[in-house]
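Residue-level structural notes
Letter by letter, the chains look like this.
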Amino acid sequence: MLRVDGLSAWYGEAQALREASLRVDEGEIVTLVGRNGAGKTTLLRCLMGLHGTYGRTSGTITLDGEDITALPAHLRARRGLGYVPDDRGIYATLSVEENLLLAPLVKGSAKVKRGGPRPWPLDRIYETFPHLKERRRAPGTTLSGGEQQMLVLARVLRTGARLLLCDEPTEGLSPLFVQRIGEILREVRAAGTTVLLVEQNVHFAASVADRHYLLAEGRIVEALDRDQVREREHQLLEYLGI
Ligand code: ATP
């Protein structure tokens, strides 16, 4: 579904990504694991077409066989890419429900394949995220960190995105919310959505994903399957300094 070949990115003269190559197949959950500053956020921003405001890039990004490297972010979104940023990006003055209703729909692009995931209607969102239903009239920023993360995930599901690029959805969350995010990601995958996930929580990554890429100093240094990550969980925790 997604192929990345030799992706490099710079902030001015400083190179943050070095010839990174990876693939994500339809229906997979894949994680990008790496220390702080390894380049994970930069990689996701490049995939979404959002790095241009920071600096230059080189390499090729292909979605469903089509080269999307030169496409701006809004056209990548129309082709089914959905971005869940690490800063959450909730509209502060709007209620939970208004935040959800504002989500644009992916539908309408002739390039979107038939039979993919559909935009989630509000009642389905509230079924899956009962916390959000309870807080639907509350301003977005009065939510707890866990509820905010749920809101950002819910908002991207409203769009009907086929490939979610999630930047550390579990960061700073209580174990209960981490567990719930894992359940939701599995449910999302069962509904036909593919997920590329930045994650520092190796235990969570191992429990939720099919495959993993280890990123260090802007390079993909290893590709690991589910069993390899389980076997090496302790070593990876040590490596990540956790
Ligand atoms: P973290 O988990 O801390 O967010 P990360 O793996 O996502 O880390 P990036 O945020 O992609 O890493 O950063 C990769 C490198 O690029 C780091 O050396 C970082 O200092 C640098 N960098 C990130 N954003 C900027 C920026 N806006 N301007 C300059 N350098 C930046």
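Our subject in this report is the structure included herewith. (Residues numbered from 1 in each chain as written. Predicted model: local features only at pLDDT ≥ 70, side-chain atom pairs only at ≥ 80, totals over all residues. Heavy atoms only, no water.)

Notes on the sheet that holds strand 4 (residues 57-63)
Overall, antiparallel pairing links the 4 strands, which are arranged 2-1-4-5 in an open sheet. Either end of the sheet is taken by a strand with one partner, and the two such strands are strand 2 (14-24) and strand 5 (66-67). With 2 bridges joining them, strand 4 and strand 5 adopt antiparallel strand pairing. Across the sheet, the residue bridging to Thr 62 is Asp 67, located in strand 5. (Pairing = 2+ DSSP bridges. Helix = DSSP H or I, 4+ residues; strand = E, 2+ residues; numbered from the N terminus.)

Here we look at helix 7 (residues 175-190)
An ideal rise of 1.5 Å per residue puts 22 Å on 16 residues; helix 7 measures up with 23 Å between its terminal C-alpha atoms. Inspection of helix 7 places Phe 177, Val 178, Ile 181, Gly 182, Ile 184, Leu 185 and Val 188 among the buried residues, and these make up the whole buried set. Projected onto a plane normal to the axis of helix 7, the buried residues spread over an arc of 165 degrees and lie on a single side. In helix 7, the exposed residues that point more than 90 degrees away from the buried face are Pro 175, Leu 176 and Ala 190. Phi turns positive, to about 105 degrees, at Gly 192, one or two residues after helix 7. (Expected span 1.5 Å × (residues − 1). Buried < 20%, exposed > 50% of the residue type's maximum accessible area, 1.4 Å probe, protein only. Arc of directions from axis to C-beta.)

Some remarks on the site of the ligand
Around the ligand, the surrounding shell holds 13 residues, and the nearest of these are Gly 37, Gly 39, Lys 40, Thr 41 and Thr 42. Tyr 11 is positioned such that a nitrogen or oxygen atom in its side chain is 3.4 Å from a nitrogen atom of the ligand. Per-element tally for the shell around the ligand: the top contributor is helix 1 (residues 40-48), with 3 residues. Taken together, the residues that form the shell around the ligand break down as 4 nonpolar, 6 polar and 3 charged. (Near = heavy atom within 4 Å. Polar contact = N/O pair within 3.5 Å; in protein donor to acceptor, adjacent residues only side chain to side chain. Nonpolar A, V, L, I, M, F, W, Y, C, P; charged D, E, K, R; others polar.)

Details of the pairing of strand 6 (residues 81-84)
Burial along strand 6 is two-sided: the face carrying Leu 81 and Tyr 83 and the face carrying Gly 82 and Val 84 are both buried. Relative to strand 7 (residues 163-167), strand 6 runs parallel, the two sharing 4 bridges. Each bridged residue has a counterpart across the sheet, and for Leu 81 the counterpart in strand 7 is Leu 163.

Some thoughts on the sheet that holds strand 8 (residues 194-198)
Spatially, 6-7-8-3-9-10 is the arrangement adopted by the 6 strands of the open sheet, whose pairing is mixed. The two strands at the open ends of the sheet, each matched to only one other strand, are strand 6 and strand 10 (219-225). Adjacent strand axes in the sheet meet at a mean angle of 20 degrees when their direction is disregarded. Packed onto the sheet, helix 7 meets strand 3 (29-33), strand 7 and strand 8 and runs at close to 150 degrees relative to strand 8. (Axes fitted to C-alpha atoms, helices over the stretch in contact; angles between N-to-C directions. Contact = heavy atoms within 4.5 Å.)

Considering the pattern of salt bridges
Overall, the coordinates contain 12 salt bridges when judged by the stated rule. Asp 5 is paired through a salt bridge with Arg 3; the nearest N and O atoms lie 3.1 Å apart. When its relative accessible area of 47% is taken as the criterion, Arg 3 is described as partly exposed. Several salt bridges share partner residues, and in doing so they unite Glu 97, Arg 136 and Arg 137 into one network. (Salt bridge = Lys/Arg side-chain N within 4 Å of Asp/Glu carboxyl O.)

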